[in-house]
Amino acid sequence: MLGLRIMWLVVMGLHITLVDAAQKPLPLPFDVKAQLFDLTNDNTRGLDFAPNIESFEVFVAQQHTNKYNHGAVLMPFKGELYIQWQSSALDEDAADTSILFSKSQDSKNWQTPLTLVAARENAIVTNGGWWTNGEELIAFINVWPSLLQPKQGYVEYISSTDGSHWSQPQRLKMANGDWVAGVIEQDLRQLPNGRILTTVHAQPGLIATPYYTDDPLALSGWTAGKIPNLPHTGTVSRELEPSWFVKKDRSIVMIFRDQASSYKTLASVSTDNGQNWSAPALTALPDSRAKQSAGNLPDGSAFIINNPSADNTRIPLAITLSADGSVFDRSYLLRAGGEDLPPQKYQGKYKRAGYSYPKSIVWKNFVYVSYAVNKEDIVVTRAPLNSLLLKN
């Protein structure tokens with residue numbers, strides 16, 4: 001009888017533990033200071049501009065140029081700052097879409113854009129971002145064959161040692177030698193241990209999946225991390241177009257746009273250098289259901305750049321900061337609505353007002369942010385690090 005009673009107590013104790021664990025909510029990947037944003041103010045969301053920021057035009061759409069320009073991404077290479085973006089005559093993802101690029105020595109004055117990748121027959125090409133080991137510059141190309149159903153694509157790359165002469169396109173390889181089956185997100189960056197991390201929107205369809213490689217050139221060795229994607233309908237995951245930062249405890253937080261239109265940022269955590277990820281959870285950071293950009297400053301503090309509008313408007317553009325990546329408690333404007341936003345000049349498919357798809361890089365004592373204005377002009381804004389870092 002005593003043995004049965006002990007067994008009963010053990011079973012009941014285990015049951016209570018499991019019930020408590022099931023009822024206890026999992027901690028969020030990060031929190032946001034209450035009332036950090038005033039969502040009643042459409043132009044600024046209650047934020048002040050970051051001190052001493054500057055904005056520079058890279059490309060301005062005019063009557064004689066392409067009028068759709070989007071997806072700008074930056075990369076320093078051999079002392080110059082390179083930028084790439086997708087461009088077409090009028091409409092988003094049109095058959096005439098090509099990839100343009102430019103470069104600058106001071107981020108203020110940009111060379112006349114050149115074609116990096118020309119438009120193709122029977123496929124649309126869009127830009128997939130950059131990588132460099134310092135000696136070689138890699139440009140990734142997302143290829144979307146017209147005949148593939150559901151909508152999906154694959155990734156190629158071209159390389160250059162001088163930023164002017166480029167190799168022929170080649171396919172990106174997995175660790176097992178297979179081709180990477182999906183389109184690559186533009187946010188390739190290195191973890192503290194040197195591993196390169198990004199996300200692939202994997203086939204079939206577009207299923208957001210963290211990918212990593214230990215190849216210093218990021219051309220092979222790619223491996224898919226494991227993430228329990230949230231329930232979704234169709235062949236497009238609820239999580240899309242992510243970016244990521246590292247917390248003070250060295251865990252990685254990947255943030256996503258939420259296709260379910262919560263207008264909040266989704267986030268997932270990895271504690272093993274990108275191999276396994278938690279189920280994405282809604283955070284308190286307002287968003288516009290668009291691309292975001294995240295990263296870390298030299299002191300280890302984390303930042304997220306997005307449109308904290310809590311609706312589908314891509315106004316304003318802000319950088320939100322956290323000392324440890326756990327609580328974001330400071331936020332500054334990079335661009336605002338109202339007089340700061342020029343009027344849209346040309347109509348086109350999926351064109352919209354606002355500051356779209358920011359991507360960022362930390363370089364030479366600044367955070368540089370590239371984005372499209374009204375999906376027609378390409379602009380770079382830079383904020384001095386000493387205006388963002390916490391003062392001791």
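Residues numbered from 1 in each chain as written. Predicted model: local features only at pLDDT ≥ 70, side-chain atom pairs only at ≥ 80, totals over all residues. Heavy atoms only, no water.

### What about the overall build of the chain?
Consideration 1: Check the secondary structure of the chain and you find one helix and 27 strands.
Consideration 2: Here the C-alpha radius of gyration of the chain, 22 Å, is about what a compact globule of 392 residues would show, namely 21 Å.
Consideration 3: Along the first, second and third principal axes, the C-alpha atoms of the chain reach 90 × 50 × 40 Å.
Consideration 4: Across the 392 residues that make up the chain, the buried fraction comes to 54%.
Consideration 5: Put simply, of all contacts in the chain between residues at least 6 apart along the chain, 52% involve residues at least 24 apart.
Consideration 6: Entry remark: accessible area of the chain is about 17400 Å², with carbon and sulfur atoms responsible for 53%. (Helix = DSSP H or I, 4+ residues; strand = E, 2+ residues; numbered from the N terminus. Rg over C-alpha atoms; globule rule 2.2 N^0.38 Å. Buried < 20%, exposed > 50% of the residue type's maximum accessible area, 1.4 Å probe, protein only. Contact = heavy atoms within 4.5 Å. Areas by Shrake-Rupley, 256 points an atom, 1.4 Å probe, with all protein chains shown as cover.)

### As for the pattern of salt bridges
Consideration 1: Under the counting rule described, the total for this entry stands at 17 salt bridges.
Consideration 2: Note that lysine 375 is salt-bridged to glutamate 92, the shortest N-O span being 2.7 Å. Note that lysine 375 is positioned in the loop between strand E26 (366-373) and strand E27 (377-384) and glutamate 92 in the loop between strand E4 (80-88) and strand E5 (98-104), a separation of 283 residues in sequence. Summarising the burial analysis for this pair, lysine 375 and glutamate 92 share the class buried.
Consideration 3: Between aspartate 187 and lysine 359 there is a salt bridge, and its shortest N-O distance comes to 2.8 Å. Remark: lysine 359 occurs in strand E25 (residues 355-363) and aspartate 187 occurs in the loop between strand E11 (182-184) and strand E12 (189-190); sequence separation between them is 172 residues.
Consideration 4: Accessibility expressed as a relative area gives 5% for aspartate 187, which makes it buried.
Consideration 5: Judged by relative accessible area, which is 2%, lysine 359 ranks as buried.
Consideration 6: Beyond isolated ion pairs, a larger network of salt bridges with shared partners links Glu185, Asp187, Arg189, Lys291 and Lys359. (Salt bridge = Lys/Arg side-chain N within 4 Å of Asp/Glu carboxyl O.)

### Observations regarding unusual backbone geometry
Outside of glycine, negative phi angles account for most residues, and trans bonds account for most peptide bonds.
Consideration 1: Here the amide bond leading from glutamine 149 into proline 150 is cis, since omega sits at -5°, within 30 degrees of zero.
Consideration 2: Among the structural elements, proline 150 can be located in the loop between strand E8 (137-145) and strand E9 (154-160).
Consideration 3: Between glutamine 203 and the following residue, proline 204, the backbone shows a cis peptide bond with an omega angle of -5°.
Consideration 4: Locating proline 204 in the fold gives a position in the loop between strand E13 (196-202) and strand E14 (207-213).
Consideration 5: Even without glycine at this site, glutamine 35 takes up a positive phi of about 60°.
Consideration 6: Of note, glutamine 35 is situated in the loop between strand E1 (31-32) and strand E2 (54-59).

### Examining the packing of aromatic side chains
Consideration 1: Enumeration over the complete set of coordinates arrives at twelve aromatic pairs.
Consideration 2: On the numbers, 5.9 Å between centres and 85° between planes, the contact of tyrosine 355 with tyrosine 371 is edge-to-face. Residue tyrosine 355 is located in strand E25, and its partner tyrosine 371 is located in strand E26; the two are separated by 16 residues in the primary sequence.
Consideration 3: When its relative accessible area of 0% is taken as the criterion, tyrosine 355 is described as buried.
Consideration 4: The class for tyrosine 371 is buried, based on a relative accessible area of 0%. (Phe/Tyr/Trp six-rings, centres within 6.5 Å; stacked < 30°, edge-to-face > 60°.)

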